[in-house]
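As a plain string of letters, each chain reads:
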Amino acid sequence: MPECWDGEHDIETPYGMLHVVIRGAPKGNRPAILTYHDVGMNHKLCFNTFFNFEDMQEITKHFVVCHVDAPGQQPNASQFPSGYQFPTMDQLAAMLPSVVQHFGFKSVVGIGVGAGAYILAKFAVSF
């Protein structure tokens, strides 16, 4: 397991690529914080204010944070090719085990907003 994965990663899943941004490194047996944004947003628009809040620094220094961007929603994403079929909500949830396995997370705490909350809840129930 790498000491630190800080930065951006593209992860292959059964339903296409997912863009993931990691902040920090795993801390012992603590779960990773896994975020998922709402429709029309990405991790920066949805979570930067929250995670940059001074009081959150005390929390985030104890956890690795894994921000998931829905397909094509990351900053500076290219346009979808003609005929691209965007994944369903169930498929978006089914993409998350690939992220968890890629980084070897044993457990996660999900923080989702709007559609992201639904996707994380579906992931929790299904996997």
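Model, not experiment: these values are computed from the prediction. (Residues numbered from 1 in each chain as written. Predicted model: local features only at pLDDT ≥ 70, side-chain atom pairs only at ≥ 80, totals over all residues. Heavy atoms only, no water.)

Draft legend 1. Expanded view of the overall build of the chain. Helix and strand content of the chain: four helices and five strands. Counting from the amino terminus, helix and strand elements in the chain follow one another as β-β-β-α-α-β-α-β-α. Whereas a compact globule of 127 residues would reach a radius of gyration of roughly 14 Å, the chain reaches 14 Å, a difference of no more than 12%. Its C-alpha atoms give the chain principal-axis dimensions of roughly 45 × 30 × 25 Å. Expressed as a percentage of the 127 residues in the chain, the buried residues total 39%. Of the contacts formed within the chain by residues at least 6 apart in sequence, a portion of 70% connects residues at least 24 apart. Surface accessibility of the chain: about 7,300 Å² in total, with carbon and sulfur atoms responsible for 53%. The averaged location of the 11 negative side-chain charges in the chain is 6 Å from the averaged location of its 7 positive side-chain charges. (Helix = DSSP H or I, 4+ residues; strand = E, 2+ residues; numbered from the N terminus. Rg over C-alpha atoms; globule rule 2.2 N^0.38 Å. Buried < 20%, exposed > 50% of the residue type's maximum accessible area, 1.4 Å probe, protein only. Contact = heavy atoms within 4.5 Å. Areas by Shrake-Rupley, 256 points an atom, 1.4 Å probe, with all protein chains shown as cover. Lys, Arg positive; Asp, Glu negative; His and termini not counted. Charge placed at Lys NZ, Arg CZ, Asp CG, Glu CD.)

Draft legend 2. Region of interest: helix α1 (residues 43-52). Buried residues of α1: His-43, Cys-46, Phe-47 and Phe-51, and no others. Burial along α1 is one-sided: seen end-on, the buried residues are contained in an arc of 90°. Pointing more than 90 degrees away from the buried face of α1 are the exposed residues Leu-45, Thr-49 and Asn-52. Each element contacted by the buried residues of α1 is listed here: β2 (16-23), β3 (32-36), α2 (54-60), β4 (65-69) and β5 (108-112). Backbone nitrogen of Lys-44 and a side-chain oxygen of the N-cap are separated by 2.9 Å at the start of α1; the cap is Asn-42. (Arc of directions from axis to C-beta. Polar contact = N/O pair within 3.5 Å; in protein donor to acceptor, adjacent residues only side chain to side chain.)

Draft legend 3. Up close: the pattern of salt bridges. Across all of its chains, the model carries two salt bridges by this definition. Salt-bridge contacts for Lys-61 lead to Glu-58; the nearest nitrogen and oxygen are separated by 3.1 Å. Glu-58 gets classed as partly exposed once you look at its relative accessible area, which sits at 46%. Ionic pairing is found between Asp-90 and Lys-122, a salt bridge with its closest N-O pair at 3.7 Å. In this pair, Asp-90 is assigned in helix α3 (residues 89-103) and Lys-122 in helix α4 (residues 115-126), connecting sequence segments 32 residues apart. Judged by relative accessible area, which is 42%, Asp-90 ranks as partly exposed. (Salt bridge = Lys/Arg side-chain N within 4 Å of Asp/Glu carboxyl O.)

Draft legend 4. Structural view of the pairing of β4. Most of β4 is tucked away, with five of its five residues classed as buried. Of the two faces of β4, the one holding Val-65, His-67 and Asp-69 and the one holding Cys-66 and Val-68 are both buried throughout. As judged from the five bridges shared by β2 and β4, these two strands associate in the antiparallel manner. Bridge pairing in β4 links Val-21 to His-67. (Pairing = 2+ DSSP bridges.)

Draft legend 5. Region of the structure containing the packing of α3 against α4. Look at α3 against α4: their axes get within 8 Å of each other, and the N-to-C directions meet at 65°. Two packed elements cross with a definite hand, and for α3 against α4 that hand is right-handed. Together, Met-89, Asp-90, Leu-92, Ala-93, Leu-96, Pro-97 and Val-100 of α3 and Ala-115, Tyr-118, Ile-119, Leu-120, Lys-122 and Phe-123 of α4 make up the contact between the two elements. Here the contact of α3 with α4 is composed, by residue class, of 11 nonpolar, no polar and two charged. (Axes fitted to C-alpha atoms, helices over the stretch in contact; angles between N-to-C directions. Left-handed = near helix turned anticlockwise from the far one by under 90°. Nonpolar A, V, L, I, M, F, W, Y, C, P; charged D, E, K, R; others polar.)

Everything listed here is a matter of coordinates, which is why it stays silent on function.
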